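# Secondary and tertiary structure notes
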Amino acid sequence: MEKKNNWKAWLYLAPVIILLAVFTFYPLISTIGIAFTKNYNYMTQSGEGFAGFANFKAVLSKSEVIKYAIPNTLIVVFVTVPASIVIALLIAVGLNSIKPLKKLFQTIFFMPYVTNAIAVGMVFAVVFSNNGLWNVIFNSLGKHWIDSGASSSYGMTALCIYIIWHALPYKILIFLSGLQNIDKQYYQAASIDAAGKFKTFMNVTVPLLSPQILYIMITSFIGSFKEYSSVVGLFNAPGTTTSGSYNMYTIVYFIYDTIRGNFTNQVYLGSAAAVMLFIIILIFTVIQFAVSNKRVHY
């Protein structure tokens, strides 16, 4: 009987396993193989033999990677992830305490999540243009944020604001679901002990939301390391604010550029960069899990 049930389980799982094998495991293994292949040609599906770590050295020798892609990616990760988590948590706590029109506000805050990232980026491009709403609000008409001639710092500021705004809805939804599952007796006990709102938030809400915070942190780090569509939507195809520069490059933007862009048909370099990015993400994920053993309360 048990063997029959095992076969049934494998039969039910077969479609998912096949899809994972075709669209996840095979591309991953293939990418690792290409990363160690010399002058791999995507059209002929062949290379010139084993390249060792030459492709990785070639990626790290490119100035646009060292000077722009890696620093920009790290800025996006370490600025947008903490900021979006804190803002989303505060908004979720505020929404959870609202009684009238609660569902309406939840719907409004969730709308950006189901909106196309490129379309939102184009709207933000208008907002941050020379005569856009941002400059109108701060009385700085004509100031360059994302237009040709804008500095990297202004462009990165606009990019981080856009990424944080676009990342909030999903985080708010997760935090709201976690807040609604917290037993009210914890807040009643805090009230009896005369704990203020801030102490209650720090000593009750945050510890009991730590599983959701860990999940959001891990997925946010992974998503931020893979940031690409926001750069395309905000700065258009070149990924730059200055002609002939790569100052808004991210690591994933470089990977795409090796296939269709300034480094066309250098797929082996893109594969090497992808493997490096995979290792970096894996290291950060392992560190977060290690830290969570002491900080997360289930």
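Throughout what follows, the structure given in this document is the object of discussion. All values derive from a computational prediction rather than experimental measurement.

### Things to note about the layout of surface pockets
Taken as a whole, the largest pocket encloses approximately 810 Å³ of empty space. As for the largest pocket, its lining consists of 27 residues, and the residues nearest its centre are Pro27, Leu28, Thr31, Ile255 and Ala274. At the level of elements, helix 1 (2-35), helix 12 (251-257) and helix 13 (267-295) are the ones that each hand at least two residues to the lining of the largest pocket. Tallying contributions element by element places helix 13 first for the lining of the largest pocket, with 9 residues. Classifying every residue of the lining of the largest pocket gives 19 nonpolar, 7 polar and 1 charged.

### Comments concerning helix 5 (residues 117-127)
When helix 5 is considered as a whole, its buried residues turn out to be Ala117, Val120, Gly121, Phe124 and Ala125. On an axial view of helix 5, the arc spanned by its buried residues comes to 150 degrees, and they lie on one face. Of the exposed residues in helix 5, those oriented more than 90 degrees away from the buried face are Met122 and Val126. Contacts made by the buried residues of helix 5 are with helix 7 (152-180) and helix 11 (229-235). Regarding helix 5, its N-cap is Asn116, as a side-chain oxygen of that residue lies 3.1 Å from the backbone nitrogen of Ala119 further along.

### Structural notes on the environment of Ile216
Mapped onto the fold, Ile216 is located in helix 10 (residues 210-225). The sequence separation of Ile216 and Ser84 amounts to 132 residues, and the corresponding C-alpha distance is 10.0 Å. Not counting chain neighbours up to four residues away, the residues in contact with Ile216 comprise Ile85, Tyr170, Lys171, Ile174 and Phe175.

### Regarding the nonpolar core
The nonpolar side chains of a soluble globular protein tend to be buried with one another. Core analysis: the biggest nonpolar cluster contains 60 residues, and Ile146, Leu159, Phe175 and Leu234 have the highest contact counts within it. Beyond its immediate stretch of four places on either side in the chain, Phe175 contacts Ile85, Ala88, Leu89, Ala92, Leu209, Gln212, Ile213 and Ile216.

### Some thoughts on a nonpolar patch on the surface
Residues Leu28, Ile32, Phe278, Ile279, Leu282, Ile283, Val286, Ile287 and Val291 make up a contiguous nonpolar surface patch of roughly 770 Å² in combined accessible area. Here the nonpolar patch gets 7 residues from one element, more than from any other, and that element is helix 13. Mapped onto the secondary structure, Leu282 falls in helix 13. Exposure remark for Leu282: the relative accessible area of 45% places this residue in the partly exposed category.

### Section: the packing of aromatic side chains
The relative placement of two aromatic rings is captured by the distance of their centres and the angle of their planes. Counted according to the given criterion, the structure contains 20 aromatic pairs. Where Phe36 meets Phe53, the ring centres are 5.6 Å apart and the plane angle is 75 degrees; that geometry is what we call edge-to-face. Of the two residues, Phe36 sits in the loop between helix 1 and helix 2 (54-61) while Phe53 sits in the loop between helix 1 and helix 2, which places them 17 residues apart along the sequence. In this structure Phe36 comes out as partly exposed when scored by relative accessible area, which is 22%. A centroid spacing of 5.9 Å and a plane angle of 20 degrees characterise the contact between Phe221 and Phe284, whose relative ring orientation is stacked. Of this pair, Phe221 sits in helix 10 while Phe284 sits in helix 13, and the two are 63 residues apart along the sequence. We classify Phe221 as buried; its relative accessible area is 11%. Ring pairs connect the aromatic residues Phe124, Phe128, Trp134, Trp145, Tyr154, Tyr162 and Trp165, which therefore count as one cluster.

### Examining unusual backbone geometry
The phi torsion at Asn39 lies on the positive side, around 50 degrees, for a residue other than glycine. Examined against the element boundaries, Asn39 turns out to sit in the loop between helix 1 and helix 2. Look at Ala194: it is not a glycine, yet its phi comes out positive at around 60 degrees. Along the chain, the position of Ala194 falls in the loop between helix 8 (184-192) and helix 9 (197-208). Look at Ala194 and you get exposed, because its relative accessible area is 68%.

### Topic: the side chain of Thr205
Position of Thr205 relative to the elements: it lies in helix 9. Given a relative accessible area of 4%, Thr205 falls into the buried group. If we ignore the near neighbours within four places in the chain, the residues touching Thr205 are Val93, Leu179, Ile182, Tyr187 and Thr200.

Conventions used here
Residues numbered from 1 in each chain as written. Predicted model: local features only at pLDDT ≥ 70, side-chain atom pairs only at ≥ 80, totals over all residues. Heavy atoms only, no water. 1 Å grid on protein atoms, 1.4 Å probe; cavity = no way out; pocket = protein on both sides within 12 Å on 5 of 7 lines; lining within 4 Å. Points joined across faces, edges and corners; volume = space filled by probe spheres on them. Helix = DSSP H or I, 4+ residues; strand = E, 2+ residues; numbered from the N terminus. Nonpolar A, V, L, I, M, F, W, Y, C, P; charged D, E, K, R; others polar. Buried < 20%, exposed > 50% of the residue type's maximum accessible area, 1.4 Å probe, protein only. Arc of directions from axis to C-beta. Contact = heavy atoms within 4.5 Å. Polar contact = N/O pair within 3.5 Å; in protein donor to acceptor, adjacent residues only side chain to side chain. Core = buried A, V, L, I, M, F, W, Y, C linked by side-chain atoms within 4.5 Å. Patch = residues over 30% accessible without salt bridge, like charges linked within 9 Å, V, L, I, M, F, W, Y side chains within 5 Å. Areas by Shrake-Rupley, 256 points an atom, 1.4 Å probe, with all protein chains shown as cover. Salt bridge = Lys/Arg side-chain N within 4 Å of Asp/Glu carboxyl O. Phe/Tyr/Trp six-rings, centres within 6.5 Å; stacked < 30°, edge-to-face > 60°.

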